[in-house]
Amino acid sequence: MATLPHSASGIAAAVAAREISAREVIDEHLSRISEREGDIHAFNLVTADAARAHADAIDADIAAGKSVGPLAGVPIAIKDNMCTHGIETTCSSKILEGWKPPYNATVVSRLHAAGAVNIGKTNLDEFAMGSSTENSANGPTRNPLDISRVPGGSSGGSAAAVAAGFSPVSLGSDTGGSIRQPAALCGIVGVKPTYGLVSRYGLIAYASSLDQIGPFAHNVADAALITEVIAGHDPMDSTSIPQPAPSLVASVGQGVAGMRIGRVVDLPEGAEPEVTARLNEAFEALKDAGATIVDVKLPSLSYALTAYYLIAPAEASSNLARFDGVRYGLRVNAPDTNAMYGATRAAGFGDEVKRRIMLGTYALSAGYYDAYYGKALKVRKLIAQDFENAYKQVDAILTPTSPVVAFKFGDKVDDPMSMYLCDIYTIPTNLAGHPAMSVPFGTGAHDLPVGIQVLAPALGESAMFRVGGELERAAGGAK
Ligand code: GLN
């Protein structure tokens, strides 16, 4: 077998040129999974047989001279909150145990059409609520760089799958940071696209006004390629932007000469000193590459976390009401219907999910709606206005992705507030609906990776990928 390229684009090119077969690519990744998955636990389910069969079909198409897509033969791991037809989809919750969706999420169909091979469903914090993957009903995922530490969350399985070499790319979902934070903690690239750029059809909802699907990859160009494939209008999602997918890969190599990059002067404190040091070096690198650094103010940012922990649970309390033992997964039998609902939900949901349903139901209840949910929506508006003002002066903004590097298991589980603070820099973009990405940029405490976050205005993916590409170059080049 020819050497296996590291990047998704390299694998697709080698498969299309018949230098390597799609089957060999899959077999190599499956063998890496069997070597290390016992330690890492990135997957809820590895779909080995289906993946081999799909790879064989791609090889047959290529042998028959048929045209294949831009991701032909590229293994991809899918977060287990995206529907896969006939394949168990659990959100890492007991309440969905055994549920097999009758349809594919739009992103899954688009990846399939592009020739990508689904290799499995990845572990997550139950219903995507968490920052460490410790809230999974199936047990935690471990960080491939140090298995005594968390991979971040909630898309920890998808991040770990890429970092461990189980698949060159994967999909996650990001409601408050769940792609960018685990990407930072695992030393890879993670992208949250503009709200509405990627269809949410078939993504099991956590907080619908914030949720977005995006890729993990080893390098910025692969992340751009996957974004291109999954983006673009979908009539099945009423919030989908009615525009075709933008072309983004070309932006990655364009450099930042002439760009204006924002430094947030009133950024909430709390980042580890090494993280702040890497951020300063990132600004220097962009300056050296011809960008201008401009100070911007985002005064409402310090309220973002509070607003998010009202808005997201409020939406979750409504979205998760559908899991009642009638239509999906688990049912705990009881003498009457109400008792059945109660018993099913008590047994099916984990502690964090219950905490959020209660928080959200409280925030939405008559008498408290204006004081909590209504106020949080006003803060959301102020944050959007702050960004709007900032983007009159700059093309993109840099912040840390996570205030801390990967932490040890158990460090934050007993203190929800300290866990929530992991998302202090990622949440504002979700509230604004903007794109953002995390790019690995050196290391921090314990030699663990630090991620720098690039933020851009709505549909500013092209500027975002230019900056991301430059940071990658400055940090030693594409992997
Ligand atoms: N960690 C945040 C939360 O627990 C964000 C999760 C996410 O983006 N899905 O809500």
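Rules behind the numbers
- Residues numbered from 1 in each chain as written.
- Predicted model: local features only at pLDDT ≥ 70, side-chain atom pairs only at ≥ 80, totals over all residues.
- Heavy atoms only, no water.
- 1 Å grid on protein atoms, 1.4 Å probe; cavity = no way out; pocket = protein on both sides within 12 Å on 5 of 7 lines; lining within 4 Å.
- Points joined across faces, edges and corners; volume = space filled by probe spheres on them.
- Nonpolar A, V, L, I, M, F, W, Y, C, P; charged D, E, K, R; others polar.
- Helix = DSSP H or I, 4+ residues; strand = E, 2+ residues; numbered from the N terminus.
- Polar contact = N/O pair within 3.5 Å; in protein donor to acceptor, adjacent residues only side chain to side chain.
- Contact = heavy atoms within 4.5 Å.
- Core = buried A, V, L, I, M, F, W, Y, C linked by side-chain atoms within 4.5 Å.
- Buried < 20%, exposed > 50% of the residue type's maximum accessible area, 1.4 Å probe, protein only.
- Pairing = 2+ DSSP bridges.
- Axes fitted to C-alpha atoms, helices over the stretch in contact; angles between N-to-C directions.
- Patch = residues over 30% accessible without salt bridge, like charges linked within 9 Å, V, L, I, M, F, W, Y side chains within 5 Å.
- Areas by Shrake-Rupley, 256 points an atom, 1.4 Å probe, with all protein chains shown as cover.
- Salt bridge = Lys/Arg side-chain N within 4 Å of Asp/Glu carboxyl O.
- Near = heavy atom within 4 Å.
- Sits in = over half its atoms within 2 Å of the grid points.
- Parallel < 35°, antiparallel > 145°, perpendicular 65-115°, else oblique.
- Lys, Arg positive; Asp, Glu negative; His and termini not counted.
- Phe/Tyr/Trp six-rings, centres within 6.5 Å; stacked < 30°, edge-to-face > 60°.

Our focus in this paragraph is empty space enclosed by the protein. Within the structure shown, the criterion is met by three cavities of 30 Å³ or more. Here the largest cavity is characterised by a volume of approximately 70 Å³. Per-class residue counts for the lining of the largest cavity are five nonpolar, six polar and two charged.

With that out of the way, let us pick up the side chain of Asp-80. Here Asp-80 lies in the loop between β2 (75-79) and α4 (106-113). Only 3.0 Å separates the side chain of Asp-80 from the side chain of Asn-44, close enough to count as a polar contact. Not counting the four nearest positions on each side in its chain, Asp-80 is found in contact with Asn-44, Glu-88, Thr-89, Thr-90, Cys-91, Lys-121, Thr-122 and Leu-124.

The next point concerns the environment of Lys-412. In this fold, Lys-412 is placed in the loop between β9 (396-400) and α13 (416-420). With 280 residues separating them along the chain, Lys-412 and Ser-132 place their C-alpha atoms 8.8 Å apart.

With 80 residues, the main nonpolar core has Leu-111, Leu-171, Leu-398, Phe-465, Val-467 and Leu-471 as its most contacted residues. Per-element accounting of this core gives the leading share, seven residues, to helix α7 (residues 220-230). Counting 62 residues, the second-largest nonpolar core is a separate cluster that includes Leu-210, Tyr-308, Ala-376 and Leu-431.

Taken in spatial order, the 11 strands line up as β1-β3-β2-β4-β6-β5-β10-β11-β9-β7-β8 in an open sheet, and their pairing is mixed. Edge positions in the open sheet fall to β1 (43-46) and β8 (292-296), since each of these has one partner strand only. Adjacent strand axes in the sheet meet at a mean angle of 30 degrees when their direction is disregarded. Taken together, the three bridges between β2 and strand β4 (residues 169-174) define a ladder with parallel strand orientation.

The next point concerns a nonpolar patch on the surface. Taken together, Tyr-362, Tyr-368 and Tyr-372 make up a surface patch of nonpolar side chains, about 290 Å² in accessible area. Mapped onto the elements, Tyr-368 comes out in the loop between α11 (351-364) and α12 (370-390).

Moving on, we get to the site of the ligand. Around the ligand, 15 residues are found, and the nearest of them are Thr-175, Gly-176, Ser-178, Tyr-308 and Asp-423. At a threshold of 2 Å from the grid points, most atoms of the ligand map onto the largest cavity.

Attention shifts here to helix α5 (residues 156-163). Most of α5 is tucked away, with seven of its eight residues classed as buried. What α5 keeps buried is the set Gly-156, Gly-157, Ser-158, Ala-159, Ala-160, Ala-161 and Val-162. Gly-165, located one to two residues past α5, shows a positive phi value of around 80 degrees.

Moving on, we come to the packing of helix α9 (residues 304-319) against α11. When two helices pack together, their arrangement is given by the angle between their axes and by how far apart the axes lie. The contact between α9 and α11 brings their axes to 7 Å, and the two run at 100 degrees. Regarding the angle of α9 to α11, the classification is roughly perpendicular. When α9 is examined against α11, the residues Tyr-309, Leu-310, Pro-313, Ala-314 and Ser-317 are found in contact with a partner set consisting of Arg-356, Ile-357, Leu-359, Gly-360, Thr-361, Ala-363 and Leu-364. Classifying every residue of the contact of α9 with α11 gives eight nonpolar, three polar and one charged.

What follows concerns the environment of Gly-232. Following the sequence through the fold, Gly-232 ends up in the loop between α7 and β7 (260-264). Sequence separation between Gly-232 and Leu-197 is 35 residues, and the spatial gap between their C-alpha atoms is 5.9 Å. In contact with Gly-232, not counting residues within four places along its chain, are Arg-110, Leu-197, Ser-240, Gln-243, Pro-244 and Ala-245.

Before going further, it helps to spend a moment on the side chain of Lys-412. Summary of buried charges: Lys-412 has no salt-bridge partner, and the nearest side chain of opposite charge, Asp-411, is 6.3 Å away. Apart from residues no more than four positions distant in its own chain, Lys-412 is found in contact with Phe-407, Ser-418, Met-419 and Cys-422.

On to unusual backbone geometry. Here Gly-153 and Ser-154 are connected by a cis peptide whose omega angle stands at 10 degrees. Within the fold, Ser-154 resides in the loop between β3 (117-122) and α5. Notably, Cys-91 is not glycine yet its phi reads approximately 55 degrees, a positive angle. Residue placement: Cys-91 occurs in the loop between β2 and α4. Taking relative accessible area as the criterion, Cys-91 reaches 1% and is therefore assigned buried. Positive phi, close to 70 degrees, is recorded for Ala-128, a residue that is not glycine.

Attention shifts here to the packing of aromatic side chains. The geometry of an aromatic ring pair is captured by the separation of the ring centres together with the interplanar angle, meaning the angle of the planes. Taken as a whole, this structure holds 13 aromatic pairs when the rule is applied. Considering the side-chain rings of Phe-127 and Phe-323, the 5.2 Å spacing of their centres and the 40 degrees angle between planes classify their relative orientation as tilted. Placement of Phe-127 in the loop between β3 and α5 and of Phe-323 in the loop between α9 and α10 (337-348) is noted, with a sequence separation of 196 residues between them. Among the residues examined, Phe-323 registers a relative accessible area of 4% and is labelled buried.

As a further point, take the pattern of salt bridges. A full pass over the atoms with the stated rule returns 17 salt bridges. A salt bridge links Lys-66 to Asp-61, with the nearest nitrogen and oxygen atoms 3.6 Å apart. With a relative accessible area of 53%, Lys-66 lands in the exposed category. Classification of Asp-61 by relative accessible area gives partly exposed; the value is 28%. Between Asp-395 and Arg-260 there is a salt bridge, and its shortest N-O distance comes to 3.1 Å. Of this pair, Asp-395 sits in the loop between α12 and β9 while Arg-260 sits in strand β7, and the two are 135 residues apart along the sequence. On the accessibility criterion, Asp-395 (24% relative accessible area) is partly exposed. The exposure class assigned to Arg-260 is partly exposed, which follows from its relative accessible area of 31%. When salt bridges that share partners are traced, they join Arg-23, Asp-27, Asp-49, Arg-52 and Asp-56 into one network.

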